[in-house]
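Structural characterization, general
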Amino acid sequence: MRLLLTSDTHLPTKAKELPEELLDRIASVDLVIHAGDWVDTATLNLLEARAKRLVGVYGNNDGADLRARLPEVARVELEGLRIGVVHETGPAQGRERRCIERFPELDVLVFGHSHIPWDTTADGRLRLLNPGSPTDRRRQPYCTYMTAEVAAGAVGQVRLRRLPRR
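Going through the model one piece at a time under the given rule, you end up with 1 aromatic pair. On the basis of an interplanar angle of 65° and a centroid distance of 6.5 Å, the ring pair of Phe-111 and Trp-118 is categorised as edge-to-face. Across this residue pair, the class does not change: Phe-111 and Trp-118 are buried. Above the plane of the ring of Trp-118 lies Arg-95, whose end atom (NZ or CZ) is 4.4 Å from the centre.

Structure representation (structure tokens):
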């Protein structure tokens, strides 16, 4: 099963549209995960229309319209792998411990908020993934998103995808 992970799209404040590379890749994946801060409902509508399956949450910059359509925390099971999605996990210092305590039932947690890509395994069991942002690199050298594969109840290859500079 192929996944596309994204977060912090912030449309139309940080960009006018999603990068074409990200949109093109949606057709080749089985599940799109968005970890919040959509900012506009048009982006949610677009991903719902293009994705075979979409799992998303709202972020701190999402208004009442998005909060009415999306949960704060989402969970999905893929081939026995338990995945959670949340926007914010707090500061990097202590993140792994906090996430294990808050989500002891998960195998993978996808999060956003910082716009900083993150890929670690906490306590040898909880994989933490932040795809960065495809539209607002902040202090990072590139805008990014991630792709991942799930097979036999485990996460296979996870790739951080750098987008061309605008």
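It is worth spelling out the sheet that holds strand S5 (residues 81-86) at this point. As summarised here, the arrangement of the 5 strands in space is S4-S5-S6-S8-S7, forming an open sheet in which the pairing is mixed. In the strand order of this sheet, the two ends are held by strand S4 (73-78) and strand S7 (118-122), each with one partner. Each strand of the sheet is rotated relative to its neighbour by a mean of 20°, with strand direction disregarded. Of the strand pairs in this sheet, S4 and S5 are connected by 6 bridges, and their pairing is antiparallel. If you follow Val-76 over to S5, its bridge partner there is Ile-83.

On to the pattern of salt bridges, then. Once their charged atoms are close, side chains differing in charge can pair, the charge on each being opposite to the other. Enumeration according to the criterion identifies 6 salt bridges in this entry. A salt bridge links Arg-69 to Glu-48, with the nearest nitrogen and oxygen atoms 2.7 Å apart. Remark: Glu-48 occurs in helix H2 (residues 41-50) and Arg-69 occurs in helix H3 (residues 64-69); sequence separation between them is 21 residues. Residue Arg-69 is classed as partly exposed on the basis of its relative accessible area of 38%. The partner of Glu-101 in a salt bridge is Arg-97, and the shortest N-O contact between them spans 3.6 Å. With Glu-101 and Arg-97 both in helix H4 (residues 95-102), this residue pair falls 4 residues apart, about one helical turn. Residue class for Glu-101 comes out exposed when judged on its relative accessible area of 55%.

Conventions and cut-offs
Residues numbered from 1 in each chain as written. Predicted model: local features only at pLDDT ≥ 70, side-chain atom pairs only at ≥ 80, totals over all residues. Heavy atoms only, no water. Phe/Tyr/Trp six-rings, centres within 6.5 Å; stacked < 30°, edge-to-face > 60°. Buried < 20%, exposed > 50% of the residue type's maximum accessible area, 1.4 Å probe, protein only. Lys NZ or Arg CZ within 6 Å of the ring centre and 35° of its normal. Pairing = 2+ DSSP bridges. Helix = DSSP H or I, 4+ residues; strand = E, 2+ residues; numbered from the N terminus. Axes fitted to C-alpha atoms, helices over the stretch in contact; angles between N-to-C directions. Salt bridge = Lys/Arg side-chain N within 4 Å of Asp/Glu carboxyl O.

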